[in-house]
Amino acid sequence: QVQLVESGGGLVQAGGSLRLSCAASGRTFSTYAMAWFRQAPGKEREIVAAITWSITGPYYADSVKGRFAISRDNAKNTMYLEMNSLKPEDTAVYYCTASGRTSRISRYPYDYDYWGQGTQVTVSS
């Protein structure tokens, strides 16, 4: 059974930092695309960042470019999201996701097959 488990969320003041982790089990995703999405109350789920194994660089939403960094440790089957200079508008539930079919990065939730349960990130002003 494939599982993705997020950790590292919490409450932080504006300008602060958090590091999210996503530990995968049940299969390896080293050659597939993985991503972080987020969903704020009353809003649609949106992509934050995505990463793949090839020479293709990571993808970042415009709203987080220069502040967030996505990475992965294939040996640990784990993905990370380093979040710096956090803003109140970053408040959301953050979801880890992985494709079981392709290494191609996608901005759309329907292109990913496995999802974690989400971790809450709250940024106070």
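Located above this text is the structure these notes cover.
A brief look at the structure comes next. In this numbering scheme, every chain counts its residues from 1 along its sequence in written order. With the structure being a predicted model, the display of local features is reserved for residues of pLDDT at least 70 and the display and counting of side-chain atom pairs for 80 or more, all residues being used for whole-chain, interface and lining totals. Only hydrogens and water are set aside when side-chain values are computed; all heavy atoms of the structure are taken into account.

### Focus: the environment of K76
Numbering goes from the N terminus for both helices and strands, where a helix is a DSSP run of H or I of at least four residues and a strand is a run of E of at least two. Relative to the helices and strands, K76 resides in the loop between β7 (68-73) and β8 (78-83). The cut-offs for exposure are 20% and 50% of the maximum accessible area for each residue type, with area from a 1.4 Å probe on protein chains only; residues under the lower value are buried, those over the upper are exposed, and the others partly exposed. When its relative accessible area of 56% is taken as the criterion, K76 is described as exposed.

### Concerning the environment of R104
Mapped onto the elements, R104 comes out in the loop between β9 (92-98) and β10 (114-115). Taking the C-alpha atoms as reference points, R104 and W53, 51 residues apart in sequence, are found 9.3 Å from one another. For R104, the residues in contact, after removing those within four places along its chain, are A33 and D111. Here a residue-residue contact requires only that any non-hydrogen atoms of the pair lie within 4.5 Å.

### What about the sheet that holds β8?
A pair of strands is treated as paired once DSSP finds two or more bridges between them. What the four strands build is an open sheet, ordered β1-β3-β8-β7; its pairing is antiparallel. For this open sheet the edge positions go to β1 (3-7) and β7, each flanked by a neighbour on one side alone. Direction aside, the axes of adjacent strands within the sheet are offset by 15 degrees on average. Pairing of β7 with β8 involves six bridges; the strand directions are antiparallel. Residue pairing for β8: D73 is matched across the bridge by T78. An axis is simply a line fitted to the C-alpha atoms; with a helix, the fit covers only the stretch in contact. Between two such axes, the angle follows the N-to-C directions and lies from 0 to 180 degrees.

### Comments concerning the state of the cysteines
The disulfide criterion used throughout: a pair of cysteine sulfur atoms within 2.5 Å. One pass over the full model with this rule turns up one disulfide. Disulfide partner of C22: C96, at an S-S distance of 1.8 Å. In this structure, the disulfide formed by C22 and C96 twists by about -55 degrees around the S-S bond and is classed as left-handed. You can see C22 sitting in strand β3 (residues 18-25) and its partner C96 sitting in strand β9, a full 74 residues away along the chain. Taking relative accessible area as the criterion, C22 reaches 0% and is therefore assigned buried. In this structure C96 comes out as buried when scored by relative accessible area, which is 0%.

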